[in-house]
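A closer look at the structure
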Amino acid sequence: MKKYSSLAEIQTLIEQKKLSVPGLLDHYFKQIEEHQHLNAFNEVFFYSAASQAKLVQEKIDKGLQGKLAGMVIGIKDNICYRDHQVSASSKMLEEFVSPYSATVVERLIAEDAVIIGRLNCDEFAMGGSNETSYYGPVKNAAAHEKVAGGSSGGSAVAVQADLCLSALGTDTGGSVRQPAAFCGCIGLKPTYGRISRYGVIAYASSFDQVGTITSSVADAAILLEVLAGADAYDSTVSRLPVGAYQKALKDAGTQGTQEPKKIAVLKETLESDALDADIKNSILEAIEEFKAQGHTVEYVSFDLLDYLVPAYYVLTTAEASSNLSRYDGVHYGHRNLEAGSLNELYKLSRAEGFGEEVKRRILLGTFVLSAGYYDAYYQKAQQVRRLIREKMEEMLSHFDVVISPVTPTPAFNIGENIDDPLVMYMADIFTVLASLTGIPAIAIPLGNNTDGLPLSVQLMAKHFAEQELLSLSHTFLNARQLINH
């Protein structure tokens, strides 16, 4: 069955009357049915998606369609969509129906995207393998015994297996980029504050960022253009103008080249003993290709690498402890009906509603915020975060882009690491840098290893320099296609 590679391809076929939006939606419905074993979707919106598709086709026939007409997109199951269930893949929110839509959902619909369903994820976006979901693990389409990555594993596999054209995820410490890397997709985490978080179930509010998983850089660009920008419902969103990201890519394609960039490679990340040899070699090859394309590449030391994961987990678990306190059986979420007192109601409701990983992070966060430990852990982690941010800002004042791996290894086996939290947390070592500093980052595919598992590289840039990442990724991947052909 044909796999559509980009929105531009779909829109051309629709324009030529070779495809309709309802017909396209039926294609994806069939794909989902044939790939139920991957467990990517928690729910498919058959009725509302079909209604949307019909409406969008009518607008196309009248020449009144929006920018995203023809895009069938899935949303991570922690993004609210009015009159649809949203559960964050947790028993705590089982069967909860959202009374309103997230800003990102409103903007997708306003530009005529068709939302096909809600995608499986780690519970409350806490996990790096999509194994903590109440609905079970998502399986990697490249090898069903392998994890999809997390927490946006369903989003990545849905794009990888052609169950929808693109997907929204959320990225707190790498939750868009890591699954995109494991599944051979393009995963973009924009600058913190570039896209509204209104209507996104919170994990760690000073880190959470909506991101995109796509098969083409051009689709990542058009989605960012639609989703980004100020929002009256989210005071943390930047009011900076939104770039014409898609046009800039087209202009670069017309010229066939782009301005030479200064690229820094984080030396310690490639020297890490934890880094898989295939990933290292594929990144070294990519670096040579960047040089061949006229870019200047320099290896730069980053001596704070060992502090990234500890600082990240102290801060995010503290914020999670605060954000998840509302799920108590009274205000929101699962309620135990047999409790004999208010105290017992809280205890039993939370014990039954939350999974093991969520409980672990709540406990850790409560500990680091408690009297006697706040200064030693939380305040110290905030100071470390500031040092890391200052170091990255200094580096990015001299370089346009910074390169590192996305993950230490390709996708690992389901069940292999889930019982060892420290191993799971250390797998975030290369992605949390962009999250701690709030800078944009993108994961782009570099082909597969001999086992057929995808390999990727991460590019990072200064705040609000998404265009740098998109343009560099676009020209690099286009050149790669020419080389491969």
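Residues numbered from 1 in each chain as written. Predicted model: local features only at pLDDT ≥ 70, side-chain atom pairs only at ≥ 80, totals over all residues. Heavy atoms only, no water.

Section: helix 7 (residues 217-227)
The α-helix winds at 3.6 residues per turn, so residues separated by three or four positions along the chain end up facing the same way. Let me state the cut-off plainly: Per-residue accessibility, obtained with a 1.4 Å probe over protein chains only, is compared with the maximum for each type, and a residue is labelled buried under 20%, exposed over 50%, and partly exposed between these values. Strands are runs of DSSP state E lasting at least two residues, helices are runs of H or I lasting at least four, and both sets are numbered from the N terminus onward.
Of all 11 residues that make up helix 7, 10 are buried, and the element is covered over most of its length. Taken residue by residue, helix 7 has Val217, Asp219, Ala220, Ala221, Ile222, Leu223, Leu224, Glu225, Val226 and Leu227 as its buried positions. Within two residues after helix 7, glycine 229 carries a phi angle of roughly 115°, on the positive side.

Quick look at empty space enclosed by the protein
Note the threshold: As defined here, a cavity is a set of points on a 1 Å grid over the protein atoms alone where a 1.4 Å probe fits but cannot get out. A pocket is an open set with protein on both sides within 12 Å along at least five of seven lines, and residues line them when an atom is within 4 Å of a point. Grid points are joined across faces, edges and corners, and a volume is the space filled by probe spheres set on the points. Nonpolar residues are Ala, Val, Leu, Ile, Met, Phe, Trp, Tyr, Cys and Pro. Charged residues are Asp, Glu, Lys and Arg, and all others, Gly as well, are polar.
Throughout the structure, instances matching the rule amount to three cavities of 30 Å³ or more. Taken as a whole, the largest cavity holds about 90 Å³ of empty space. In this structure, the largest cavity is lined by 13 residues; those nearest its centre are Gly127, Ser175, Tyr312, Tyr313 and Asp428. Residue composition of the lining of the largest cavity, grouped by class: four nonpolar, seven polar and two charged. Taken as a whole, the second largest cavity encloses approximately 60 Å³ of empty space. Together, Asn78, Phe124, Ala125, Thr170, Thr172, Val200, Ile201, Ala202, Tyr203 and Asp208 line the second largest cavity. Of the residues assigned to the lining of the second largest cavity, the class counts are six nonpolar, three polar and one charged.

Topic: the pattern of salt bridges
Our working definition: Take a side-chain nitrogen of Lys or Arg and a carboxyl oxygen of Asp or Glu: if they are within 4 Å of each other, that pair is a salt bridge.
What the rule picks out here adds up to 16 salt bridges. Close ionic contact of glutamate 468 with lysine 261 constitutes a salt bridge, the shortest N to O distance being 2.9 Å. Highlighted residues: glutamate 468 in helix 17 (residues 466-484) and lysine 261 in the loop between helix 8 (245-255) and strand 7 (262-266), separated in sequence by 207 residues. Of the residues examined, glutamate 468 reaches a relative accessible area of 21% and is grouped as partly exposed. As a salt-bridge pair, lysine 291 and glutamate 288 come within 3.4 Å of each other at their nearest N and O atoms.

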